[in-house]
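Read off the chains here:
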Amino acid sequence: MATAPQSAINGMRILMVEDEMMLAMSLEDLLKLLGCEVVKAARVAKAVKLAETESVDGALLDVNLAGERVYPVAAELDRRGIPFVFMTGYDVDRLDSGYHGRPALQKPFQMDDMVRVMADAFARQ
Amino acid sequence: MNPPEPSPPLIVGIGASAGGLEAFRTFFRHMPADSGMAFVLVQHLDPDHDSMLVELLQRETDMPVAEADDGAAVEADHVFVIPPNASLTIDAGRLGIEEPAPPRAQRRPIDTFFTALAEDQGENAICIVLSGTGSDGTLGVRKIKEHGGYALAQAGADSHAMEGMPHSAAATGLVDEVLKIEAMPDKLAGYRSHLHAAAAHKDSDGTRTDAREHLDAICALLHERVGHDFSQYKDKTLTRRVQRRMQVLQVETMPDYLKRLQKEPGESDALFHELLIGVTQFFRDADAWEALRQQVVPGLFKDKGAGDAIRVWSPGCATGEEVYTIAMLLGEALRDRDVRPRIQIFGTDVDDNAVNFARTARYKSLPGVEPERLERWFVENGDAYTPVKSLREMCMFSPHDLVKDPPFSKLDLICCRNLMIYMKAELQDRVLRKFHYALRPDGWLFLGQAEGVSRHARLFATANKKHRLFQRRDAPTQSMHDFSLPGVAPSTDARRPAPRPTRRSEDDRLDRYARQAMQKYSPAYVVIDRHHEILRFSGGEAGPYLEPSAGAASFNLIGITRKALRPAVRAAVQKAFTSGRAAIHDKIALRVDGEARAITVIAEPLDADDSLCVVAFQDAGPAESNKRDDQDAQPGVAELEQELHTTRVQLNATINELEATNEEMKSANEEYQSVNEELQSSNEELETSKEEMQSINEELQTLNAELTSKNSDLNRANGDLQNLLESTEIATLFLDNDLRIKSFTPRMRELFHLRDGDRGRPVTEIVSRLDYADIKRDVKEVLRNLGMAEREVRVEHAEATYIMRIRPYRTVDNVIDGVVITFIDITDRRRHEAERARLAAIVESSQDAIIGHTLDGTITSWNGAAERIFGYSADEAVGQPIAMLLTADQSDLLPEMIERLKRGESFSTQADVVRKRQSGRRIDLSMTVSPVTDREGVMVAASTVARDISERRESEDHRDLLLHELNHRAKNMLANVQSIALQTFNSAPTPEAFKDAFNSRLTALSHTHDLLMQSNWRGAALDELVARELAPYHNDRQRQWTVKGKAIKLNAKAALALGLGLHELATNAAKYGALSKEAGYIEVKWQTRGGRREGEPAALHLTWVEHDGPAVEKPERRGFGSRLIEQGLEYELDAEVKLEFKPSGVRCTIDVPLDAATQDGSDMEIS
């Protein structure tokens, strides 16, 4: 039974940026289950390239990608007006000061939470 | 009279000291450049500096101004200035320079020059004393005046001028005018023109020739006004002194001066003082005084007992120098004697001022007094010397007129030097006779160089011709007629002519022989004076006519003439003196050798001098016999004659009796007169003593008042001292030279067991609590070298320490009289010092910077840690504002900090500062700022303790980071586990299968973690990773796997991913593949090689090949394991994975870019 948020993101094209193999796999499965199309990247360089070129409705951004910070990707997305949600194992308040208050998920998270945050963030568009 | 020759210029000596420059300037501003005078300036100059005086003065005058050169002739209209460090003199109109100047104490350049100027120039010398302190110039003024020069002194004082010198000069009373500098040039010009005008009236030695006729009038006027008769002074002396006054007043003629004298009462005083100018000084003519000391002084003490007095009279003593000189000589002689007679020296003078001065005895300088004498007999009293008491007590001063007042008596010595030179001969005679009277037999007379007693050899014997020492001869009773008594106007007999010298011609040898030859033919005679005193006998032939009478020896002719001759002699002498002609009485019967002779008495006044008379006795042959007369006479006549004879005899007897009585009366009269005279002397002496006593009394009263006041002062001071000593609580001990206790303060009792009764006992007898045995030695040491001794002494058996100081005790007279020992308790100080040292060590050794500073932030102390932390040394920091330690962006914190401090708050704060040295890097500080208060709680300063917390801050940050990382990792791991669980769950057919698969996966994950932990998450070796995954799989014989490959270290991320991948491969092999059979085995190998394609980076190429397992079928469905291997590795490591299910066995190849597998990212970043 699909909830309201679930239906809100159904059919969206999502950029998933996550370097953790297991997590990426689970997330991808989940998103697909929710009816999303997934574009994925494990490294900043690739993610930036995708953010510049791909047409997506929203993005899930892991903050730490093999030692690199995801902020260049966020910047590009902001530039293009694409909404995104951070995912981080750190406290959400340790985000860079420029991104304080932006939607974020604290790992590990419940699927429901993720869907709700995504629906909130992406639906605003 | 010749027109005056171009006379030598007047030379004006000007002396000045402090404030002199301005005075000089003023003077020359008003002095015309063609005055015809020469100026010599004497200034007190610093010997070490060049003087600017010449330059400065040249601006004020058109006259050439130059520094004086040695030998330079003094020319008119020139100004000469004394050079620095030199003495200036003048001789024959040429300047003399002596270098260097005498030592400062004896330097009186103005006196030196004035004296030379006076002696060289006489009345052409002018001296001016201008501004200055002290009394230099005063003696010079005296000299100038003695030599007839002219003296001026500056009047008053403005802001520049100092009145010490001019005041001192004016106080001599000798300065002609005291006036303002501006008025001086006019006066000088006036004086000059007067000198020129007066020169016309002067004879060769500069005495006016027109004065003599007026002298009587002047003397009479003076006698009337001031009561002193100067008519017996030498004309020349009088004239010169009058002349001086005329010069001063600039009066041209004697009549004018006389008028002035009559009109102005003050002038008679001025002239009087001018006449009395004394020229006296200590030991004047030192040789003469030495002669006196050797020849006379010892004799004075002969036969004198302790109760006797040595009496000395110094008439005309002026300001007393001579008197004190005698007193010094006698005082010195007295010192060597056991028996010490009293010494009385009477100093008398007509001049009251002089006498007063002598009584006061304040001498500004004592030339002629040797330093030892000065030391012994004088004390310095302010700016003057006064004689010591013992010297002063010998001397008595009183006003006395030698001419009209009776003399003192029974004197041992009369010292009258340079007084008689002013007197005419007749007055000199009288004075000498007075001296003769006043001296006791063999008494001494000491006269000046130019004086003598040659005409009174009968009265005085010459003892030392050169130095004018004379000794009284015993002469017949002195007639007192010559002493004018008080109240008898001196002028009545004063101006009679003096006796002419009579002996000189008689000394002629021819005369003498002739006289001897003629003696037997010529009559015997005597020469007498008006008073019948015999001055000369002719020889032995006078014997028959003279007959010494009983009683005191006498040379009175009437007294010693034979009685038969007396009436005739008396009558003849009287007649001769009265008539001035010879008087002859003849045929006076006298029995000579039993034979009646007729004697002729001739009295003949001497031609030259009517006060003398020759009385000659001539034997006119045998007396005519009376018998012849008798024969011729009638009997009645004979009777008558007989009667007459009887009557005559009676008359003669009566006359004789009368004469004898008369003589007796006369003698008695003289005796009375003498007694009276003596009484007068005594009276005078008593008067003197009385005045002296009065003056002493006054002095004593003054002294008494002074002493009373001093006494109360002393009492107060004593009280103050007592209180001071007690309040300071300093134990103090006063000892005399023999270590006896003089006094002590109460605190002393704690150190020595002292009682009040111990005063006077030696301190060494008293038990001391001090651990100090050397007191005697130390005191002696202090007394010997007059230094100070300081010891630290401890009290036995107690923790008390004292600083003991021994100093010599100096009385107010600067005499050492024992020692003062003070004990200062320093026990507390010692303790505090130790405590302070301990605290200082703590502060210094602290790792925290401890900075003391004032309330407004000035650094006052700085410890070693502060130097280490801030990089400033203590020297650099102390005194600087504390703000310098803060960075610019924090300096605005300071005012607030100081404000809080001032409110008394103590607070901590954090601050960044920049270290000054060593790269200026910022350091983090924790600072605690606290006010420092004194005992009353008043804030006096502040301290700041600063701790360098940079490292702590870093480690805290590091810890935070670690905590976050841990949190992150744990959460990541949980997310991973979550995913694994989800995936496993999705692919597991049964819960048991899920449990096995999930467990084994977590175990594999855990193994990889273990490996990574070993290297602290820096990575893991690939062979170990493989071995760990395959370790469970071996049978009994052998391992079922082989590993081959170069050692390579994977980073954590690659290790985890590959670990999971290998685990899936191994699990699959155990379930379905090679490991499920005993013979099966797995071959794992790897190598590194270039990129898969051209230009690609190097890669790790790993192959997994299974052998001898069961036949493999390609699975229908891709499980989690396959997906993880194929997609996960590819996704996460950017690897290329090929998984083949060949029938011979599974084969898997994995190509991982080396960068991704081995690059050592941060060990933390494993998400």
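None of these values were measured; they are calculated from a predicted model.

1. A few points about the overall build of chain A
Across its full length, chain A carries 5 helices and 7 strands. Taking the contacts inside chain A whose residues are at least 6 apart along the sequence as the reference set, 59% of them involve residues at least 24 apart.

2. Considerations on the sheet that holds strand β25 (residues 741–744) of chain B
Residue and element names in this part refer to chain B. As summarised here, the arrangement of the 5 strands in space is β25-β24-β28-β27-β26, forming an open sheet in which the pairing is antiparallel. A strand with exactly one partner marks an edge of an open sheet, and here the two such strands are β25 and β26 (789–794). Each neighbouring strand pair of the sheet contributes to a mean axis angle of 20°, computed without reference to strand direction. In the packing of helix α23 (residues 775–785) onto the sheet, the strands contacted are β24 (731–735), β26, β27 (801–810) and β28 (816–825), and the crossing angle to β27 comes to about 40°.

3. Let's talk about the nonpolar core
Ranked by size, the top nonpolar core spans 90 residues in total, and within it Val17(A), Leu61(A) and Ala1055(B) carry the most contacts. Sequence-distant contacts of Leu61(A), that is, excluding residues within four places in its chain, are made with Val17(A), Val70(A), Val73(A), Ala74(A), Phe84(A), Phe86(A) and Met87(A). In this structure, Met246(B), Leu300(B), Tyr363(B) and Val453(B) belong to the second largest nonpolar core, which totals 77 residues.

4. Structural notes on the sheet that holds strand β14 (residues 395–399) of chain B
Sheet strands pair via backbone hydrogen bonds, and the direction of the pair is either parallel or antiparallel. Residues and elements named next belong to chain B. Pairing in this open sheet of 7 strands is mixed, and the strands run β14-β11-β10-β15-β16-β18-β17 from one edge to the other. Among the strands making up the open sheet, the edge pair consists of β14 and β17 (460–464). Neighbour to neighbour, the strand axes of the sheet diverge by 20° on average, direction disregarded. Along the sheet, helix α13 (residues 352–360) makes contact with β11 (342–349) and β14, crossing β14 at roughly 160°. Packing against the sheet, helix α16 (residues 425–438) makes contact with β10 (309–315), β15 (411–416), β16 (439–447), β17 and β18 (469–472), and its axis sits at approximately 135° to β16.

5. A word on the packing of helix α7 (residues 212–226) of chain B against helix α9 (residues 254–263) of chain B
All names here are of chain B. It is the contact of α7 with α9, at a shortest axis distance of 11 Å, that shows an interaxial angle of 10°. Looking at the two axes, α7 sits roughly parallel to α9. Residue-level contacts link His-214, Ala-217, Ile-218 and Leu-221 of α7 to Met-254, Leu-258, Leu-261 and Gln-262 of α9. Tallied by class, the residues present in the contact of α7 with α9 amount to 6 nonpolar, 2 polar and no charged.

6. Looking at the confidence of the model for chain A
Across chain A, pLDDT averages 85, with 95% of residues at or above 70. Confidence scores differ between elements of chain A, with helix α1 (residues 4–9) of chain A showing the lowest mean pLDDT of 76 and strand β1 (residues 13–17) of chain A the highest of 93.

7. Things to note about the environment of Gly559(B)
Residues and elements named next belong to chain B. Within the secondary structure, Gly-559 sits in helix α19 (residues 557–560). With 27 residues separating them along the chain, Gly-559 and His-532 place their C-alpha atoms 8.9 Å apart. Ignoring sequence-local partners within four residues, the contact set of Gly-559 consists of Ser-549, Ser-554 and Glu-663.

8. Comments concerning the packing of helix α3 (residues 44–53) of chain A against helix α4 (residues 71–80) of chain A
Residue and element names in this part refer to chain A. As a packed pair, α3 and α4 sit with axes 9 Å apart at the nearest point and diverge in direction by 5°. Considering their axes alone, α3 and α4 lie roughly parallel with respect to each other. When α3 is examined against α4, the residues Val-44, Ala-47, Val-48, Ala-51 and Glu-52 are found in contact with a partner set consisting of Pro-72, Val-73, Glu-76 and Leu-77. Residue composition of the contact of α3 with α4, by class: 7 nonpolar, no polar and 2 charged.

9. Let's talk about the interface of chain B and chain A
Taken residue by residue, the interface counts 24 residues in chain B and 19 residues in chain A. Elements represented by at least two residues in the side of chain B that touches chain A include exactly α28 (950–987), α31 (1052–1072) and α32 (1120–1133) of chain B. Here the side of chain B that touches chain A takes 14 residues from α28(B), the largest share from any one element. Classifying every residue of the side of chain B that touches chain A gives 6 nonpolar, 13 polar and 5 charged.

10. Some words on helix α12 (residues 321–335) of chain B
Residue and element names in this part refer to chain B. The end-to-end C-alpha separation of α12 is 21 Å, in line with the 21 Å expected for 15 residues at 1.5 Å each. The element α12 is largely enclosed, with a buried count of 11 among its 15 residues. When α12 is considered as a whole, its buried residues turn out to be Glu-321, Glu-322, Val-323, Tyr-324, Thr-325, Ile-326, Ala-327, Met-328, Leu-329, Leu-330 and Gly-331.

11. What to know about α31(B)
With 21 residues, α31(B) extends 30 Å between its outermost C-alpha atoms, agreeing within 8% with the 30 Å of an ideal straight helix rising 1.5 Å per residue. Burial analysis of α31(B) places 17 of its 21 residues in the buried class, which makes it a mostly covered element.

12. Re the pairing of strand β1 (residues 10–16) of chain B
Residue and element names in this part refer to chain B. Taken across its 7 residues, β1 has 7 buried, putting it largely inside the fold. Along β1, one buried face is formed by Leu-10, Val-12, Ile-14 and Ala-16 and the opposite face, lined by Ile-11, Gly-13 and Gly-15, is buried too. Pairing analysis gives 7 bridges linking β1 to strand β2 (residues 37–43), with the strands arranged parallel. Bridge pairing in β2 links Leu-10 to Met-37. Read as a crossover between parallel neighbours, the route from β1 over helix α1 (residues 20–30) to β2 is right-handed. Both β1 and strand β7 (residues 125–129) contribute to a ladder of 5 bridges, which runs parallel. Its bridge partner lying in β7, Val-12 is registered against Ile-126.

How each quantity is defined
- Residues numbered from 1 in each chain as written.
- Chains lettered and ligands numbered in written order.
- Predicted model: local features only at pLDDT ≥ 70, side-chain atom pairs only at ≥ 80, totals over all residues.
- Helix = DSSP H or I, 4+ residues; strand = E, 2+ residues; numbered from the N terminus.
- Contact = placed C-beta atoms within 7 Å.
- Pairing = 2+ DSSP bridges.
- Axes fitted to C-alpha atoms, helices over the stretch in contact; angles between N-to-C directions.
- Core = buried A, V, L, I, M, F, W, Y, C linked by C-beta atoms within 7 Å.
- Buried ≥ 20, exposed ≤ 12 C-beta atoms within 10 Å, placed from the backbone.
- Parallel < 35°, antiparallel > 145°, perpendicular 65-115°, else oblique.
- Nonpolar A, V, L, I, M, F, W, Y, C, P; charged D, E, K, R; others polar.
- pLDDT = per-residue confidence, 0-100.
- Expected span 1.5 Å × (residues − 1).
- Right-handed = clockwise from strand over helix to strand, strands pointing away.

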